[in-house]
Amino acid sequence: MSNVERLNPPGMAFPGMSQAVGCGDFVLVSGQVALKDKQIVAVGDPAGQTEQVFRNIEAVLAEAGLTLAHVVSLRCYLTSAEAYQAYAVVKNRIFADNPPAASAMVVTALVLPEIMVEVEAVAWRHALAKAVEV
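About the criteria used
- Residues numbered from 1 in each chain as written.
- Predicted model: local features only at pLDDT ≥ 70, side-chain atom pairs only at ≥ 80, totals over all residues.
- Heavy atoms only, no water.
- Helix = DSSP H or I, 4+ residues; strand = E, 2+ residues; numbered from the N terminus.
- Rg over C-alpha atoms; globule rule 2.2 N^0.38 Å.
- Buried < 20%, exposed > 50% of the residue type's maximum accessible area, 1.4 Å probe, protein only.
- Areas by Shrake-Rupley, 256 points an atom, 1.4 Å probe, with all protein chains shown as cover.
- Lys, Arg positive; Asp, Glu negative; His and termini not counted.
- Charge placed at Lys NZ, Arg CZ, Asp CG, Glu CD.
- Phe/Tyr/Trp six-rings, centres within 6.5 Å; stacked < 30°, edge-to-face > 60°.
- Pairing = 2+ DSSP bridges.
- Axes fitted to C-alpha atoms, helices over the stretch in contact; angles between N-to-C directions.
- Contact = heavy atoms within 4.5 Å.

By the naming in an unreviewed UniProt entry, the protein chain goes by 2-aminomuconate deaminase and is assigned to Aminobacter aminovorans.

(A) Highlighting the overall build of the protein chain. The secondary structure content of the protein chain amounts to two helices and eight strands. Element order for the protein chain, N to C, with α for helix and β for strand: β-β-β-β-β-α-β-α-β-β. Here the C-alpha atoms of the protein chain give a radius of gyration of 14 Å, agreeing with the 14 Å that 2.2 N^0.38 yields for 134 residues. Taking all 134 residues of the protein chain together, 40% fall into the buried category. Split by element, the accessible area of the protein chain, about 7,300 Å² in all, is 55% carbon and sulfur. The protein chain carries 9 positive and 13 negative side-chain charges, and their two centres are separated by 3 Å.

(B) Structural view of the packing of aromatic side chains. As enumerated under the stated definition, the model contains three aromatic pairs in all. Residues F54 and F95 carry aromatic rings whose centres are separated by 5.7 Å and whose planes lie at 70° to one another, so their mutual orientation is edge-to-face. With F54 in helix 1 (residues 46-63) and F95 in the loop between helix 2 (82-94) and strand 7 (101-106), this residue pair connects regions lying 41 residues apart in the sequence. According to the relative accessible area criterion, F54 is buried, its value standing at 0%. Its relative accessible area of 5% is what places F95 among the buried residues. Put simply, the rings of F54, Y84, Y87 and F95 touch in pairs and so form one group of aromatic residues.

(C) Layout of the sheet that holds strand 2 (residues 20-23). Ordered in space as 1-2-3-8-6-7, the six strands form an open sheet in which the pairing is mixed. Of all strands in the sheet, those with a lone pairing partner are strand 1 (4-7) and strand 7, marking the two edges. Taken pair by pair, the neighbouring strands of this sheet meet at an average axis angle of 10°, ignoring direction. Sitting on the sheet, helix 2 is in contact with strand 6 (71-78), strand 7 and strand 8 (117-124), with an inclination near 160° to strand 6.

(D) Fine view of the environment of V107. Mapped onto the elements of the fold, V107 is located in the loop between strand 7 and strand 8. Between the C-alpha atom of V107 and that of A62, which follows or precedes it by 45 residues, the distance is 29 Å. Setting aside anything within four residues of it in sequence, one finds V107 in contact with Y77, L78 and T79.

Right under this line is the structure:
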């Protein structure tokens with residue numbers, strides 16, 4: 001498949017997965033968590049973790065020449081219903097002008113107990129992108 005690209009920003013490579021895969025007009029971003037410099041940040045703070053998650057998504061999309069404004073779909077996993085409100089405030093601020101399709105699920109746990117939020121994203125290369133800030 002010659003039109004499939006594997007995207008891994010420097011410092012974000014993880015064995016056995018690509019941070020994103022570009023498939024034609026779409027870029028599928030793997031679930032991002034609040035990791036920075038290989039450390040979990042904002043432990044116990046779902047809003048702080050959500051901010052880092054979207055910074056990570058932004059970095060992955062930049063590898064494809066895209067921005068958060070190209071995001072057309074989000075899927076969020078949260079470890080508690082209480083964390084949803086903090087996640088929603090951050091997401092709604094970032095995507096105030098062009099909200100993507102989105103879903104959110106509460107799960108029993110994520111890969112590490114300190115992680116409260118994980119978000120997958122789909123970006124469309126032809127989206128009418130307006131500047132979006134994290």
